[in-house]
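Okay, here's what each chain looks like letter by letter:
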Amino acid sequence: MRLILLGPPGAGKGTQAARLTEKFKIPQLSTGDMLRAAVKAGTPIGLQAKAVMDAGGLVSDEIVCGIISDRIEQADAKNGFILDGFPRTVAQAKALDELLAKKSMGLDAIVELKVDENALLARIEKRAAETLAAGGTVRADDNPEAFKVRLVSYREQTAPVSAYYASKGVLKTVDGMAPIDEVTKALDSVLG
Ligand code: AMP
């Protein structure tokens, strides 16, 4: 199962992807997680990406496409993967089409979690509070200022990705405002 999960920041992509990894025994490939790991490890990519990420902007297509191209070749992705947070621009979606074609791989499903944007800031604030309560470190971009930038970049650059797949007739949508378990059930049903 090769799957793309689309939706704005705070839509619940990470939560649902974690459940799907269990179900299908395939890894969740989150470019955000991989970039945060690179920042933490102080790699050249991490050093380049840090300021952009902290401000809520988008890392270059070249960097993220390179990361994904390498990652999907790894042994644990042999039976499939869930892309979470990628592609985030139409250019990335087209680059993904090309790199999958080169590797003779296809996609099984592209699903968008539809959410009411007004609810998202509250969700992000909740995620930060829960992380703090659990003794964790809150993401540098989980604050209202960076979140607004992330939402604008979603509207301007990532919403067209859904339109790109919809125009090809391959986009499925699920109501991301429903309780978490309901969203999981809806995903199960569209994934068959
Ligand atoms: P996320 O965890 O998906 O919310 O991503 C956190 C941050 O990582 C984003 O705000 C971007 O700065 C960066 N990022 C993650 N995925 C991508 C991508 N596909 N393209 C560009 N930047 C990305």
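Residues numbered from 1 in each chain as written. Predicted model: local features only at pLDDT ≥ 70, side-chain atom pairs only at ≥ 80, totals over all residues. Heavy atoms only, no water.

Novice: I'm lost on helix α2 (residues 31-41) in this one. Help?
Specialist: Given 3.6 residues per turn, any residue in an α-helix points the same way as the ones three and four places further on. By the burial criterion, the buried members of α2 are T31, G32, M34, L35 and A38. Buried residues along α2 cover an arc of 165° about the axis, so they all sit on one side. Structural note: α2 exposes K40 and A41 on the side pointing more than 90 degrees away from its buried face. Among the structural elements, β2 (28-30), α3 (44-55), α4 (61-71) and β3 (81-84) are those in contact with the buried residues of α2. (Buried < 20%, exposed > 50% of the residue type's maximum accessible area, 1.4 Å probe, protein only. Helix = DSSP H or I, 4+ residues; strand = E, 2+ residues; numbered from the N terminus. Arc of directions from axis to C-beta. Contact = heavy atoms within 4.5 Å.)

Novice: Sorry if this is basic, but what is going on with unusual backbone geometry here?
Specialist: Trans is the common state for peptide bonds, and a negative phi is the common state for residues other than glycine. With an omega of 0°, the peptide bond running from F86 to P87 counts as cis. Not every positive phi belongs to a glycine, and K25 is a case in point at roughly 55°. Looking at where K25 falls in the secondary structure, it is placed in the loop between α1 (13-24) and β2. Judged by relative accessible area, K25 falls into the exposed class, the value being 62%. Positive phi outside glycine occurs at S104, with the angle close to 55°. As for its placement among the helices and strands, S104 is situated in the loop between α5 (90-102) and β4 (109-114).

Novice: I keep staring at the layout of surface pockets and nothing clicks. Help me out?
Specialist: Rolling a probe over the atoms, with the probe sized like a water molecule, indicates the empty space that remains. The volume enclosed by the largest pocket comes to roughly 1100 Å³. Every residue lining the largest pocket is counted, 48 residues in all, and those nearest its centre are P9, G10, K13, R127 and R139. Sorting the residues of the lining of the largest pocket by element identifies β1 (2-6), α1, β2, α2, α6 (120-133), α7 (144-167) and α8 (180-191) as the ones contributing at least two each. Classifying every residue of the lining of the largest pocket by side-chain character gives 19 nonpolar, 17 polar and twelve charged. (1 Å grid on protein atoms, 1.4 Å probe; cavity = no way out; pocket = protein on both sides within 12 Å on 5 of 7 lines; lining within 4 Å. Points joined across faces, edges and corners; volume = space filled by probe spheres on them. Nonpolar A, V, L, I, M, F, W, Y, C, P; charged D, E, K, R; others polar.)

Novice: Honestly, the nonpolar core in this entry has me stumped. Any pointers?
Specialist: Ranked by size, the top nonpolar core spans 27 residues in total, and within it L35, I72, F81, L83, L96 and Y165 carry the most contacts. Secondary-structure elements contributing two or more residues to this core are β1, α2, α3, α4, β3, α5 and α7. Examining the composition of this core, we find that five residues originate from one element, α4, more than from any other. Ranked by size, the runner-up nonpolar core spans 19 residues in total, among them V111, L113, L151 and L191. (Core = buried A, V, L, I, M, F, W, Y, C linked by side-chain atoms within 4.5 Å.)

Novice: I'm lost on the site of the ligand in this one. Help?
Specialist: If you check the shell around the ligand, you find 16 residues, and the closest are T31, R36, G57, G85 and Q92. Take V59: an N or O atom from its main chain is 3.1 Å from a nitrogen atom of the ligand. A distance of 3.0 Å separates a nitrogen atom of the ligand from a polar side-chain atom of R88. Comparing atom positions with the cavity grids shows the ligand to sit within the largest pocket. For the shell around the ligand, the element with the highest residue contribution is α2, accounting for four residues. Here the residues of the shell around the ligand are counted per class, giving six nonpolar, five polar and five charged. (Near = heavy atom within 4 Å. Polar contact = N/O pair within 3.5 Å; in protein donor to acceptor, adjacent residues only side chain to side chain. Sits in = over half its atoms within 2 Å of the grid points.)

Novice: Mind showing me how you'd approach α5 here?
Specialist: Its 13 residues give α5 an end-to-end C-alpha distance of 18 Å, which sits within 8% of 18 Å, the value for a rise of 1.5 Å per residue. All of the buried residues along α5 are Q92, A93, L96, L99 and L100. One side of α5 carries all its buried residues, which in axial view fall inside an arc of 130°. Exposed side chains of α5 directed beyond 90 degrees from the buried face belong to E98, A101 and K102. Elements that come into contact with the buried residues of α5 comprise β1, α4, β3 and α7. Where α5 terminates, the next one or two residues include S104, which has phi positive at roughly 55°. (Expected span 1.5 Å × (residues − 1).)

Novice: Teacher, can you tell me more about the side chain of R2 here?
Specialist: With respect to the secondary-structure elements, R2 resides in strand β1. Put simply, R2 is tucked away with no salt bridge, and the nearest opposite charge, on D108, sits 5.2 Å away. (Lys, Arg positive; Asp, Glu negative; His and termini not counted. Salt bridge = Lys/Arg side-chain N within 4 Å of Asp/Glu carboxyl O.)

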